[in-house]
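# Geometric and topological summary
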Amino acid sequence: MVQKRAYISETSSYLPDTVMTNSQLEKVVETTDEWIVSRTGIKERRIAHKEEATSDLGVKAAHKLLEKAQLDISQVDLIIVATLSPDYIFPSTACIIQKKLKAKCPAFDVVAACSGMMFALATAKGYITSGLYKNIMVIAAEKVSSILDYTDRSTCVLFGDGACAALVTDKPLSDHAVWMDEIVLGSDGEMHQALEVPSGGSVEPLSKEALEEKRHCLRMDGRVVFRHAVKRMISSISECLKKGNIEIDEIDYFIPHQANNRIIEAILKRFMIDPQKVHRNVEYIGNVCAASVGICLDEYLEHRSKSDQNILMAAFGAGFTWGTMILKGEGR
Ligand code: ACO
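Keep in mind that what you see is a predicted model, and the values were worked out from it rather than measured.

## A look at the site of the ligand
Near the ligand there are 23 residues, and of these Thr31, Arg39, Cys114, Arg223 and Asn260 occur at the shortest range. One nitrogen or oxygen atom from the side chain of Thr31 is found 2.7 Å from a nitrogen atom belonging to the ligand. Protein chains shield 76% of the accessible area of the ligand, which is 1,000 Å² for the free molecule. In this structure the site holding the ligand corresponds to the second largest pocket. Elements with a contribution of two residues or more to the shell around the ligand: helix H2 (33-40), helix H6 (153-156), helix H8 (222-243), helix H9 (261-271) and strand S12 (310-317).

## Concerning H9
Regarding H9, the residues found buried are Asn261, Ile263, Ile264, Ile267, Leu268 and Phe271. Take H9 and look down its axis: the buried residues cluster within an arc of 160°, on one side only. Where the residues of H9 are buried, they touch H2, H8, strand S11 (253-256) and helix H10 (282-285). N-capping of H9 is provided by Asn260, with a side-chain oxygen placed 2.7 Å from the backbone N of Arg262. Where H9 terminates, the next one or two residues include Met272, which has phi positive at roughly 50°.

Cut-offs used in this document
- Residues numbered from 1 in each chain as written.
- Predicted model: local features only at pLDDT ≥ 70, side-chain atom pairs only at ≥ 80, totals over all residues.
- Heavy atoms only, no water.
- Near = heavy atom within 4 Å.
- Polar contact = N/O pair within 3.5 Å; in protein donor to acceptor, adjacent residues only side chain to side chain.
- Areas by Shrake-Rupley, 256 points an atom, 1.4 Å probe, with all protein chains shown as cover.
- 1 Å grid on protein atoms, 1.4 Å probe; cavity = no way out; pocket = protein on both sides within 12 Å on 5 of 7 lines; lining within 4 Å.
- Sits in = over half its atoms within 2 Å of the grid points.
- Helix = DSSP H or I, 4+ residues; strand = E, 2+ residues; numbered from the N terminus.
- Buried < 20%, exposed > 50% of the residue type's maximum accessible area, 1.4 Å probe, protein only.
- Arc of directions from axis to C-beta.
- Contact = heavy atoms within 4.5 Å.

Here you go:
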């Protein structure tokens, strides 16, 4: 039996207007442009307005998506949202976005930190190939700035806000549609404390002390995360290539999670990938967590050359979680 395909027919992204440069951060926390650029490659990031919630960023990406795809919201069967900076603990950000879009379809969140878009796309693929839905809107939106401690220089310099959206369909609805081929997802909860928001959940409900110690903000053991990010992304890329029976040389374009340039460099070195074939935007938008790979995909698909048939996307995030996916152009 021929397996049904799930297409990414259209993509969009949204970045807030406000740019925060490294030199602006130098005035907020003890850091330097030189340190940030040499350790991460980041020069600036976008910061959402105070009154803008994560759902608002997602809604902006969703409106762009509907316009590009010339689709009415009533034609969307399901909304899946990936975020690590939700509007509320509950209800889901997906429900808030559904309300704001005046949609009537079901909506739910996926929580897989910076790998969220990969888990959400894989979920959408499952629904499409099972025949349950035809048009799924996958959104990743982050107002990471709302959970950052701007007195902690080891984290606040790394992240930025933004959103992306993808229309996953049972048929290609545009001439730049790509379909999702092999997907490898993974999780390892052993190291969950290496990257977390310690307070505000059932383990440690929010308290005056927690607020004073900024335990409601993101905390990270950068070295541990770095080591695991490289290791896990390399192994999941290898596994995905093997599953897809495809050689690294046959991949025309790479979209790695944009956490920092040194992680990307380590992966390129391991697979001897030509840097010209790799998407990068970390310099200008920092780490936009779940939205990172989706923003890259949107930037790339705008200009994709038709000869680029095999695209590899890989992400890593808190949990730990990771995912790699091979996307193929029509005709493969
Ligand atoms: N400015 C200046 N100095 C700083 C800063 C800063 N912003 N941050 C840390 N330092 C100092 C530290 O205090 C330390 O000083 P010390 O030696 O006097 O103690 C020194 O710089 C070195 O600190 P390290 O943590 O060892 O620096 P490292 O080279 O490991 O780089 C970094 C830190 C950039 C965070 C790195 O570990 C990293 O990239 N980790 C991965 C982080 C990441 O990508 N997370 C996200 C992935 S998952 C996801 O996307 C959710």
